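Single-letter residue listing:
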Amino acid sequence: MKIALAGNPNSGKSSLFNQLTGMNQKVGNFPGVTVDKKSGFFKDAKGETVQVIDLPGTYSLYPKSEEEEVVREVLTNKEHPEHPDLVIAIVDATNIKRNLLLFSQIHDLGIPIILALNMMDLVRKRKRSIDNILLNSRFNVPVIEINARTGIGIQEIKNLVTLPLAAPDRIYFENTGSSGNPDHDQRVETLERYKFLDEKLKGIVHDPEKINTTLTRKLDPYFTHRIWGYGILLALLFIVFQAIFSWAEWPMDLIDGSFQQFSSWLADILPPGIVANLLTEGIIPGIGGIVIFIPQIAILFAFIGILEETGYMSRVVFLMDKIMAIFGLNGRSVVPLISGVACAVPAIMATRTISSKRDRLITILVTPFMSCSARLPVYTILIALVIPDELIFGVINLKGLVLFSLYILGFLAALIASLIIKQFVKTGEKSYLVMEMPSFKMPRWTNLSLSILEKTRTFVTEAGKIILSISIVLWFAASYGPGTAITESQKAVNQLAAENQWSEEMTQVKLDAAKLQSSYAGHFGKFIEPAIAPLGYDWKIGIALISSFAAREVFVGTIATIYSVGETSDELSIKEKLAKEVHPDTGEPRFNLAVGISLMLFYAFAMQCMSTIAVVYRETKGWKWPMIQLAFMTTLAYVSALIAYQVLR
Amino acid sequence: MNASELKIGESREIIGFSDDVLSLKLIEMGCLPGNQISLNYIAPLGDPVCVHVEGYDLSLRKSEAASIIIQ
Ligand SMILES: Nc1nc2c(ncn2[C@@H]2O[C@H](COP(=O)(O)OP(=O)(O)OP(=O)(O)O)[C@@H](O)[C@H]2O)c(=O)[nH]1
């Protein structure tokens, strides 16, 4: 048995879906389109498994977006694999007439239907009433009063689905298509349906007093005020940003530490060899690199869930729409963009809330320009190396100014890129704002935790696969070399060590450097040297570029290994060591101002992050956009680094 | 007159629409000819606006509001 949940946006569909299925749910994909399919199951009163699918929210069966098209397709096409045996139409009772429009359209499709009357608690609170017995007899379908928040009526639904239900008689209208103008015909039909509903609803809805002084009415003037409104928004964004940036730090450190400990513990007990290496240097750090994102994802989605559930997100859109529309973005792009300053991975997942496909795509494409926290270690070390410790106007620290400029640069790049992409991305979908401003509500914690769980699970399973595969490839490239290159270079180091009586630590550091240099990654670094020489980089920096494709901060570690710094956690020692590196041709420092700036610009613009690519792949459901994005960002990075180096050297 | 010309708190009857595609969406969302529409508040930058129809609030861009013809 298959049932589908259909209803207007915000009618409580997801809540009902959670009530019915609990933990037994998963997110998949409708074939051929980039629309999420939420499905799950429950056991009905007879103990039989019932499949449930949560259709995207829609106001009618005349689709205006890809999501609404899916609803129409699933419900009207009897051959569709998801075509249900029964539809539960969720109706928000506080706005019954409009909600019944969709119900009446589905009613005409000849599928058995149950009318779930939701939000009756709010109706009563407003001292109105709805006669659901009369409703039942007028429409001749089962009507069940539910409360999708508290679970009232859920058992009744589970009982009802065990009974054989016949499809209701068609009683409504057909879109005759007579005028040859489909918009016109659909409008005529819709208006007739409303007239019909007016008739049917006579005596059902009792509306003794219209109360306009709800909480929402009192709060909205503040939330949309030109000073308070932006003030509150700014404060909230600041908290969100703080949370992903700093609250997530200790669980991340914990995860990082545990994976490292586990790795070294395994390395101790396993017999040395390729299996041990693969596990301790490839797979475990790879999995660690996936798990490390969970705290940030969970925290961001907790906040987004609260913003959505309370109804505040619609106010964000209201406040920001005008500004963001200039750049081809959407009021809802604000949260992902700001979150991108902490990490692009959860930020890109957060674009889910943008309903316009085009606006969402543009937001996904530009979010990685925002200066994420993984760029910080790279910037810090480069700034320490090449920017002098000076004060401007006696107060502004030059190093701080450069760091700040890099953040601004990322933000501007995101906005300018949106302006450019806006010209190219055409989805044929006109961008509308028209949206309901839901009343303010308290969030439901169970809904929140289910959504956090779902987001985390999707990330781990979908993006995780790609992250793990790339980590293994990168590990292999850095640990193995062609033929006997590595063993020979290490033999040379051992010989030198014996001659010069190096300490054990010193020898190990040199051995690591030799290994990396003669590995495949090292060869590849030399291979790309001609391409990166105009940017001021040598093959050693080339190796760092390649390996930091895993994540930008890896740059620091790799540089430390290549230049045999040893203990990598100490920033000062890396700095001192790198400052001593000289350019073989000029005899000047390797990391001079030109190279430093060139590298900073490269890292500001380049898509040096496999996790972001993986998550863009997951969110756009294909390789097309991540590849375009990679090409676009790398080109921009290359060109700006080239210009910077050539001008400054 | 159209809905973008409403003053805050002013309420008028919807009599029609000037945009074919948008009108269907608005009708489906409950903006029906014959209903009263009133202006709740305007966003700080003058756009979008928030109106009240049929017992609930709707936010729309000024250009979208302009397609709602009122009495
Ligand atoms: N008071 C009350 N609130 C409810 C009821 N059912 C759902 N809600 C709340 O209404 C809001 C919207 O519910 P959702 O389940 O997210 O609605 P939806 O239809 O899935 O919305 P979309 O995901 O936007 O399509 C949430 O804040 C719910 O907690 C109810 O019966 N009474």
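Quick caveat: nothing in here was measured; it's all calculated off a predicted structure.

Asker: Provide a residue-level description of the environment of His523 of chain A, including the pertinent values.
Answerer: Residue and element names in this part refer to chain A. Within the element layout of this structure, His523 appears in helix 22 (residues 520-532). Sequence separation between His523 and Ala414 is 109 residues, and the spatial gap between their C-alpha atoms is 34 Å. Filtering out sequence-adjacent residues up to four positions away, His523 remains in contact with Pro482, Ala485, Gln517 and Ser518. A distance of 2.8 Å separates the side chain of His523 from the backbone oxygen of Ser519, its partner in a polar contact.

Asker: Any details on the site of the ligand? Residues and values, ideally.
Answerer: All names here are of chain A. For the ligand, the set of nearby residues contains 18 residues, the closest of which are Ser14, Ser15, Asn118, Asp121 and Arg149. Contacts to the ligand include Asp121, whose side-chain N or O atom sits 2.8 Å from a nitrogen atom. Contact with the protein chains removes 85% of the 650 Å² of surface that the ligand exposes when unbound. Of all elements in the fold, only helix 1 (13-21) and helix 4 (120-125) reach the threshold of two or more residues within the shell around the ligand. The dominant element in the shell around the ligand, judged by the number of residues it contributes, is helix 1, at three residues. For the shell around the ligand, the class distribution of residues is four nonpolar, eight polar and six charged.

Asker: Account for the pattern of salt bridges, naming residues and giving values.
Answerer: Where charged atoms from two side chains of opposite charge come close, those side chains can pair. Residue and element names in this part refer to chain A. Scanning all chains against the criterion turns up 21 salt bridges over all chains. One salt bridge in this structure joins Arg72 and Glu69, with 2.8 Å as the shortest N-O distance. Note that Arg72 and Glu69 are positioned in helix 2 (residues 66-76) at a spacing of three residues, about one turn of the helix. Relative accessible area serves as the criterion here: at 27%, Arg72 is assigned to the partly exposed category. Since its relative accessible area comes to 32%, Glu69 is described here as partly exposed. Shared partners join several salt bridges into a network, and the residues in it are Glu69, Arg72 and Glu73.

Asker: Describe the domain arrangement of chain A, and please don't skip the residues or the numbers.
Answerer: All names here are of chain A. Looking at the assigned domains, one finds that chain A contains domain 1 (2-206) and domain 2 (445-648). Taken over C-alpha atoms, the centre of domain 1 sits 53 Å from the centre of domain 2. At the boundary of domain 1 with domain 2, the tally comes to zero salt bridges. For the pair domain 1 and domain 2, the interface holds three residue pairs in polar contact (both at pLDDT 80 or more). If you list the elements that add at least two residues to the side of domain 1 that touches domain 2, you get helix 1, strand 2 (25-29) and strand 3 (36-43). Per-class residue counts for the side of domain 1 that touches domain 2 are three nonpolar, six polar and three charged.

Asker: Which residues make up the sheet that holds strand 12 (residues 435-437) of chain A, and what are the values?
Answerer: Whether parallel or antiparallel, the strands of a sheet pair through hydrogen bonds between backbone atoms. On the basis of which strands lie adjacent, the open sheet formed by six strands has the order 12(A)-4(B)-3(B)-2(B)-1(B)-5(B) and antiparallel pairing. Two strands in the sheet have a free side with no partner beyond their single neighbour: strand 12 of chain A together with strand 5 (68-70) of chain B. The mean inter-strand angle of the sheet, taken between neighbouring strand axes irrespective of direction, is 45°. Pairing geometry for strand 3 (residues 49-53) of chain B and strand 4 (residues 56-60) of chain B, over five bridges, is antiparallel. Along strand 4 of chain B, the bridge assignment pairs Val53 of chain B with Tyr56 of chain B. Sheet strands touched by helix 13 (residues 312-326) of chain A: strand 12 of chain A together with strand 2 (36-42), strand 3 and strand 4 of chain B. Its angle to strand 12 of chain A, the strand with the most contacts, is close to 120°.

Asker: Residue-level account of the packing of aromatic side chains, with values.
Answerer: Summed over the entire model, instances satisfying the criterion amount to 17 aromatic pairs over all chains. Each residue in the set Trp475, Phe476, Tyr480 and Tyr520 of chain A is aromatic and connected to the rest through ring pairs, giving one cluster. The cationic tip of Arg98 of chain A hangs over the ring face of Tyr56 of chain B; the distance from NZ or CZ to the ring centre is 4.5 Å. Lys526 of chain A extends its terminal NZ or CZ atom over the ring of Trp539 of chain A, reaching a point 4.5 Å from the ring centre.

Asker: Describe a nonpolar patch on the surface, listing the residues and the values that go with them.
Answerer: Residues and elements named next belong to chain A. On the surface, Phe393, Val395, Ile396, Leu401, Phe404, Ile408, Phe411, Leu412, Ile416, Leu419, Ile420 and Phe424 cluster together into a nonpolar patch covering about 1,200 Å² of accessible area. The element that contributes the greatest number of residues to the nonpolar patch is helix 18 (residues 398-424), accounting for nine residues. Note that Leu419 resides in helix 18.

Asker: Break down unusual backbone geometry for me, with residues and values.
Answerer: Of the consecutive residues Asp47 of chain B and Pro48 of chain B, the connecting peptide bond is found in the cis state with omega at -5°. You can see Pro48 of chain B is positioned in the loop between strand 2 and strand 3. Even without being glycine, Lys621 of chain A reaches a positive phi, approximately 55°. Residue placement: Lys621 of chain A occurs in the loop between helix 27 (610-620) and helix 28 (624-648).

Asker: Residues and numbers for the interface of chain B and chain A, please.
Answerer: Taken residue by residue, the interface counts 33 residues in chain B and 35 residues in chain A. Across the chain B to chain A interface the summed buried area is about 3,400 Å²; carbon plus sulfur atoms make up 59%. A per-residue breakdown of the area chain B buries against chain A is headed by Glu28, Tyr41 and Arg61 of chain B, which together make up 20% of the total. Two residues, Arg61 of chain B and Asp321 of chain A, come together in a salt bridge whose shortest N-O distance is 2.7 Å. Our count for the contact surface shared by chain B and chain A stands at 14 residue pairs in polar contact (both at pLDDT 80 or more). Of all the secondary-structure elements, those providing two or more residues to the side of chain B that touches chain A are helix 1 (20-28), strand 2, strand 3 and strand 4 of chain B. By residue number, the principal contributor to the side of chain B that touches chain A is helix 1 of chain B, which donates nine residues.

Definitions and limits used
Residues numbered from 1 in each chain as written. Chains lettered and ligands numbered in written order. Predicted model: local features only at pLDDT ≥ 70, side-chain atom pairs only at ≥ 80, totals over all residues. Heavy atoms only, no water. Helix = DSSP H or I, 4+ residues; strand = E, 2+ residues; numbered from the N terminus. Contact = heavy atoms within 4.5 Å. Polar contact = N/O pair within 3.5 Å; in protein donor to acceptor, adjacent residues only side chain to side chain. Near = heavy atom within 4 Å. Areas by Shrake-Rupley, 256 points an atom, 1.4 Å probe, with all protein chains shown as cover. Nonpolar A, V, L, I, M, F, W, Y, C, P; charged D, E, K, R; others polar. Salt bridge = Lys/Arg side-chain N within 4 Å of Asp/Glu carboxyl O. Buried < 20%, exposed > 50% of the residue type's maximum accessible area, 1.4 Å probe, protein only. Domains from an automatic or database assignment. Pairing = 2+ DSSP bridges. Axes fitted to C-alpha atoms, helices over the stretch in contact; angles between N-to-C directions. Phe/Tyr/Trp six-rings, centres within 6.5 Å; stacked < 30°, edge-to-face > 60°. Lys NZ or Arg CZ within 6 Å of the ring centre and 35° of its normal. Patch = residues over 30% accessible without salt bridge, like charges linked within 9 Å, V, L, I, M, F, W, Y side chains within 5 Å. Buried area = accessible area lost by both parts, 1.4 Å probe.

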